Amino acid sequence: MYEKNIGGLAAEPKSISMRGRHFKKEIKIIGKWRASHSFSHFSIAADSRGTFRRNLKDVRSENVFPLFLNLVSCFLFMMNNYIIEPSSAYYAEALGSSDALSGLMIGAAPWFALTSSVVYSYWTNYNYRHPILFAGCLQFAGNLMYANAYGYGSVELCLLGRAITGLGAPRIINRRYVADATPFSLRTAASAAFAMATALGAALGPGMAILLNRMDEFEFHLPFLQPQYFNGMTAPGYFMALSWFIYTLCILFFFGEPTRSGLDELRKREEATAGGGSGLATIESDSKKESLLNEVELAAISTENKVDGYVEMESARDDALDKLDPIMLDGESFNDDDDDNDDDGSVTDLSVTDINASKDDDKGYTYLYCSCIKNMTRPVLICMSLIFMKRIALESIVGSTSIVTKNRYGWNIENVGTLHLVNGIIVIPVSIFSGYLSTMYEDRYMTLWFLAITLFGMAFLFDPTDLTNHEDSETYNLGHPMATGTTRYIAGSLIAFSGIEACESYVASLMSKVVPSALAQGTFNSGLLATLVGTGGRAVGDIFITLMGLISIRNLLNLLIIPGATLVAFSISLVLWNYELLAV
């Protein structure tokens, strides 16, 4: 009988063997922490009680028109990016340069946008009106300089104009405004409006380039400047300069500094969730407590199946609890006076205020930057890598259309603009369809599928005949059944572009779910990181187009598609290797 009881005790899981001086402390710590973490914010009942029309009342009246102007800014920015692409190769040739320079003309803006994004992210911590005004003025000046380069015959003036346009990129302002000035009940709707403004700008940019190219050329004069020439190459610059000028006047006279109701609501939710704590210190303290509690559990589980591992389990759990004791919720410490086995008479109290005070000793950007790097996790790095590589692959398709089709198929500005217009229009239903699929499948699963679709489209663009014979013709091997002709180029471009744009929403969603809470606010936040990585990928892609064009215009298609397809294939492998890590 005794032996039978001993066997029963031995079968008891080690993880629930709460022996030792920390028994009561373990119960109090875990019970208090679990009770303080309310999961009511996961319930959709409160947010779904009212209709969409009733939720519109949650938007403060002073935020409505500024929100509309913010969406207009997003629309104009995307139109500005895509309106020059159909004519870029022709403009470079008209300025006396190589067609390959068109990649640099397009890429100058994102390179300089990398710098301005950090400045705007910091500036919007305090104000929205001034950075938007400043960005609008830069956009007006940059586009006017881009258009004036034709009259002066200066490639340098054209590139300088594109650089100033990049400095005026308001993308990070648009992203942050949606997060700060819209309530939670309408956050998804505001984000959808943001995405729709982006898609419409990308679609109407090439469409406007077609309309402007159909206008008759004429000459006019501006004060203090040489004669101005309006044609299919300069018209995009003049049109966008006028658009930004009107927009900046609207901001000057009608834009009021918004109430950051969305940010206030986020703080209240964090305070309610944390039981009274607020700010970054509370979030970081919560994260530390959660990880230490997990350490308590893992310390027991790791030796559960080891018969002789009780000493190690007890020691590991005790070490974790010693760390956890002083970091209790609401700044409380557990001094277990009833526990006769307690070795310490008291525990040092470390409250949230102490954490804030210690953080305040670190001034300037150094702490912010180091904190950003410190909180970078492997899933976040994977998502950032996917965004970067995906952007390079996308730019190798879209950014090179003008130069590839001009020299390979003899297309004009209208042909290129029509292809971009169709690409932009297709993005809208594809985005809606991908949003529908996201309700049924995980982000990592759909990311793999759309990356595979992108790879198939890029394989469709690959021309194997150029590897064996590229000297008989200056364009492409017309008539060869394996050659990439116009039909195959259009089909491959549409498939690859749609796949990579749909994939972007899943990668962005995945990153928002794996990012640590410490990276969700401040100047160096996850939104800024995503913008920098995406813009950096676009900039690298445009430079890559120029470099490959300088090597060979005749073989440019393969020189871009092969590396781009390799990056997409590597992205698929990266997701597969880390599939379990991306399970959110």
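Criteria and cut-off values
- Residues numbered from 1 in each chain as written.
- Predicted model: local features only at pLDDT ≥ 70, side-chain atom pairs only at ≥ 80, totals over all residues.
- Heavy atoms only, no water.
- Patch = residues over 30% accessible without salt bridge, like charges linked within 9 Å, V, L, I, M, F, W, Y side chains within 5 Å.
- Areas by Shrake-Rupley, 256 points an atom, 1.4 Å probe, with all protein chains shown as cover.
- Salt bridge = Lys/Arg side-chain N within 4 Å of Asp/Glu carboxyl O.
- Helix = DSSP H or I, 4+ residues; strand = E, 2+ residues; numbered from the N terminus.
- Buried < 20%, exposed > 50% of the residue type's maximum accessible area, 1.4 Å probe, protein only.
- Axes fitted to C-alpha atoms, helices over the stretch in contact; angles between N-to-C directions.
- Parallel < 35°, antiparallel > 145°, perpendicular 65-115°, else oblique.
- Left-handed = near helix turned anticlockwise from the far one by under 90°.
- Contact = heavy atoms within 4.5 Å.
- Nonpolar A, V, L, I, M, F, W, Y, C, P; charged D, E, K, R; others polar.
- Expected span 1.5 Å × (residues − 1).
- Bend = angle between axes of the 7 residues up to and from the residue.
- Core = buried A, V, L, I, M, F, W, Y, C linked by side-chain atoms within 4.5 Å.
- pLDDT = per-residue confidence, 0-100.

Quick word on a nonpolar patch on the surface
- Taken together, the side chains of Phe65, Phe68, Leu242, Phe245, Ile246, Leu249, Leu252, Phe253 and Phe254 present a nonpolar region at the surface, about 920 Å² in accessible area.
- Looking at the nonpolar patch, the elements that each hand over two or more residues are helix 5 (61–83) and helix 12 (235–254).
- Looking at which element gives the most residues to the nonpolar patch, the answer is helix 12, with seven residues.
- Tracing the backbone shows Phe245 in helix 12.
- You can call Phe245 partly exposed: its relative accessible area is 39%.

Considering the pattern of salt bridges
- Within this structure, the stated rule accounts for eight salt bridges.
- Between Glu93 and Lys406 there is a salt bridge; the shortest N-O distance is 3.1 Å. With a gap of 313 residues between them, Glu93 in helix 6 (residues 88–94) and Lys406 in helix 19 (residues 401–408) connect regions that are remote in the sequence.
- A salt bridge links Asp99 to Lys406; the shortest N-O distance between them is 2.9 Å. With Asp99 in the loop between helix 6 and helix 7 (101–123) and Lys406 in helix 19, this residue pair connects regions lying 307 residues apart in the sequence.
- By relative accessible area, Lys406 is classed as buried at 16%.
- One network of salt bridges, with partners in common, ties together Arg408, Asp463, Asp466 and Arg554.

A closer look at the packing of helix 21 (residues 443–461) against helix 25 (residues 556–577)
- The contact between helix 21 and helix 25 brings their axes to 9 Å, and the two run at 160°. Viewed along their axes, helix 21 and helix 25 adopt a mutual orientation that is roughly antiparallel. For the pair helix 21 and helix 25, the crossing hand works out as left-handed. Only Leu557, Ile561, Gly564, Ala565, Val568, Ala569, Ser571, Ile572, Val575 and Leu576 of helix 25 make contact with helix 21, whose side of the interface consists of Arg444, Thr447, Leu448, Leu451, Ala452, Thr454, Leu455, Met458 and Leu461.
- Taken together, the residues of the contact of helix 21 with helix 25 sort by class into 14 nonpolar, four polar and one charged.

Let's talk about the side chain of Arg391
- The topology assignment puts Arg391 in helix 18 (residues 378–398).
- The class of Arg391 is buried, set by a relative accessible area of 16%.
- Among residues more than four places away in sequence, those in contact with Arg391 are Glu504, Gly534, Gly537 and Arg538.

Digging into helix 8 (residues 129–152)
- With 24 residues, helix 8 extends 35 Å from end C-alpha to end C-alpha; this agrees with the ideal 34 Å at 1.5 Å per step.
- Along its length, helix 8 reaches its greatest deviation from straightness, about 25°, at Tyr146.
- Two residues or fewer past helix 8, Gly153 is found with a positive phi of approximately 60°.

As for the environment of Leu419
- Inspection of the secondary structure puts Leu419 in helix 20 (residues 413–437).
- What makes Leu419 buried here is its relative accessible area of 6%.
- Other than its neighbours up to four places away in sequence, Leu419 contacts Thr401, Trp411, Tyr489, Ile490, Ser493 and Leu494.

Here's the deal with the nonpolar core
- Residues Tyr91 and Met458 are the most contacted members of the largest nonpolar core, which totals 105 residues.
- In terms of residue count, the dominant contributor to this core is helix 23 (residues 486–514) (twelve residues).
- In this structure Met458 touches Ala393, Ser396, Ile397, Ala496, Ile561, Gly564, Ala565 and Val568, once residues within four positions along its chain are discounted.
- If you look at the next biggest cluster of nonpolar residues, it comprises five residues, including Leu71, Cys74, Val178 and Phe194.

Comments concerning the confidence of the model for the protein chain
- Here the protein chain averages 74 in pLDDT, and 64% of its residues register 70 or above.
- Contacts for the low-pLDDT stretch residues 1–20, under 50 throughout, to residues beyond four places or in other chains number 19 contacts.
- Every residue in residues 37–52 scores below 50 in pLDDT, and together they form twelve contacts with partners more than four places removed in sequence or on other chains.

Some remarks on the environment of Phe254
- Looking at where Phe254 falls in the secondary structure, it is placed in helix 12.
- Judged by relative accessible area, Phe254 falls into the exposed class, the value being 55%.
- Along the backbone, Phe254 and Pro66 are 188 residues apart, and their C-alpha atoms lie at a distance of 8.1 Å.

Side note on unusual backbone geometry
- Although it is not a glycine, Phe224 sits at a positive phi angle of roughly 70°.
- Relative to the helices and strands, Phe224 is located in the loop between strand 1 (218–220) and strand 2 (228–230).

Structural notes on the side chain of Ser493
- Here Ser493 lies in helix 23.
- Accessibility expressed as a relative area gives 2% for Ser493, which makes it buried.
- For Ser493, the residues in contact, after removing those within four places along its chain, are Ile397, Leu419, Asn423 and Leu461.

Observations concerning helix 18
- Along its 21 residues, helix 18 runs 30 Å from first to last C-alpha, staying within 8% of the 30 Å computed at 1.5 Å per residue.
- Counting buried residues along helix 18, 17 of its 21 residues qualify, which places the element largely inside the surrounding structure.

Thoughts on the packing of helix 7 against helix 8
- It is at 12 Å that the axes of helix 7 and helix 8 come closest, and there the two elements cross at 165°. In terms of orientation, helix 7 lies roughly antiparallel with respect to helix 8. Crossing angle aside, the handedness with which helix 7 passes helix 8 is right-handed. Across from Met105, Tyr120 and Trp123 in helix 7, the residues of helix 8 making contact are His130, Pro131, Phe134, Ala135, Leu138 and Tyr146.
- Along the lines of polarity and charge, the residues of the contact of helix 7 with helix 8 split into eight nonpolar, one polar and no charged.

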